[in-house]
Amino acid sequence: MSDQNIGPRSYAFPPGGLPDQSVNPEGTAIFTEAYAVIPAVTMRDIVTSFLPGWRDTRVWIIARPLSGFAETFAQYAVEIAPGGGSETPEPDAAAQATLLVTSGTGHLTLDGTKHSLNTGSYAYIPAGCAWEIENSGTDPLCFHWIRKRWEPAPGIEKPRAFVTSDAETLINWMPNTDKWGTTRFVEPTDLRHDMHMNIVTFHPGGRIPFAETHVMEHGLYVLQGTAKYLLNKDWVEVGPGDFMWLRAFCPQACIATGDEPFRYLLYKDVNRHPSLTL
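About the criteria used
- Every chain is numbered independently, its residues counted from 1 as its sequence is written.
- With the structure being a predicted model, the display of local features is reserved for residues of pLDDT at least 70 and the display and counting of side-chain atom pairs for 80 or more, all residues being used for whole-chain, interface and lining totals.
- Only hydrogens and water are set aside; all other atoms, that is, all heavy atoms of the structure, feed into the side-chain values.
- Whenever a carboxyl oxygen of Asp or Glu lies within 4 Å of a side-chain nitrogen of Lys or Arg, that contact is scored as a salt bridge.
- Only DSSP runs of H or I covering at least 4 residues are called helices, and only runs of E covering at least 2 are called strands; the numbering of each starts at the N terminus.
- Residue burial is assigned from relative accessible area. The probe radius is 1.4 Å, only protein chains are included, and a residue is buried under 20% of its type maximum, exposed over 50%, and partly exposed in between.
- Here, two residues are considered to be in contact whenever any of their heavy atoms come within 4.5 Å of each other.
- If DSSP finds at least two bridges between two strands, the strands pair.

## Some words on the pattern of salt bridges
Thought 1: Summed over all chains, the structure comprises 12 salt bridges.
Thought 2: The partner of Asp 92 in a salt bridge is Arg 149, with the nearest N and O atoms 2.7 Å apart. One end of the pair, Asp 92, is in the loop between β4 (74–86) and β5 (95–103); the other, Arg 149, is in strand β10 (residues 141–149), with 57 residues separating them in the sequence.
Thought 3: Look at Asp 92 and you get buried, because its relative accessible area is 19%.
Thought 4: Residue class for Arg 149 comes out exposed when judged on its relative accessible area of 54%.
Thought 5: Between Arg 192 and Asp 190 there is a salt bridge; the shortest N-O distance is 2.7 Å.

## Considering the side chain of Thr 48
Thought 1: You can see Thr 48 is positioned in the loop between β2 (35–38) and β3 (55–63).
Thought 2: Residue Thr 48 is classed as buried on the basis of its relative accessible area, which comes to 16%.
Thought 3: When neighbours within four sequence positions are excluded, Thr 48 is seen to be in contact with Arg 58, Val 59 and Trp 60.

## Some details on the side chain of Ser 121
Thought 1: Structurally, the position occupied by Ser 121 is in strand β8 (residues 121–125).
Thought 2: Accessibility expressed as a relative area gives 5% for Ser 121, which makes it buried.

## What to know about the pairing of β4
Thought 1: Judged by how many residues are buried, β4 sits mostly within the fold: 10 of 13 residues are covered.
Thought 2: In terms of strand pairing, β3 meets β4 through 7 bridges, oriented antiparallel. Its bridge partner lying in β4, Ala 63 is registered against Gln 75.
Thought 3: Pairing analysis gives 7 bridges linking β4 to β10, with the strands arranged antiparallel. Looking across to β10, one finds that Gln 75 is bridged to Ile 146.
Thought 4: Note that β4 and strand β9 (residues 131–135) share 2 bridges and pair antiparallel. When the bridges of β9 are listed, Gly 85 appears paired with Glu 134.

Note that every value here comes from positions in space, so none of it alone points to a role or purpose.
The following block contains the structure:
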């Protein structure tokens, strides 16, 4: 199937608000030694933060380095009100970033060059890059933001900043199937990059046909569709806005359900020697 055949693309984001007092508080959130599932229903107003250096902005911090769990990255969902934004968004000069816009319009300035943002826009921001972001529209500008410290390596130059979009980037379908593919915004063999933020797509019925077990850590934010997801030894039903947080070596697989593509935003750490010190 071609990229055009995946149909309308949608990009989930935390719902905010607060459930009514009549709602049963028993939920489906899970936290184990191997993985966590943070359902969309838990991402409400009362768990947002307001960050230094940001105007008219709130964030859901849905993953952060945690000793003994996933230790390499932080993942945010950011909502900027009209006119809001930041001239000093990143407090750590060693941190690189990736952004995926879920709704709204705005401008991202990278080392003095201004880029337009709209739904589906993707940006890579290298460590040390001066950047600014603003909401230039009349609706909230919402995006996913992943931060990781870039790891230098001998003979490897720092990656360059770029802005593209989900729609402009081809889906790489897995060998011998047209039901499972990955939108790779950087080439896996590009050793400048020590992290990937990809979009993984499954057509209904598509699956990961084995339990992946590997050293990479994962953040998986469901953008669209539904699936049964294997996490360690448990099959968990997930849908738009649900977040899965996997430590290294947690077995994982999935089977896409429903009648639309199942798509998620995937973080993983790659292309570096593991440190031999704790």
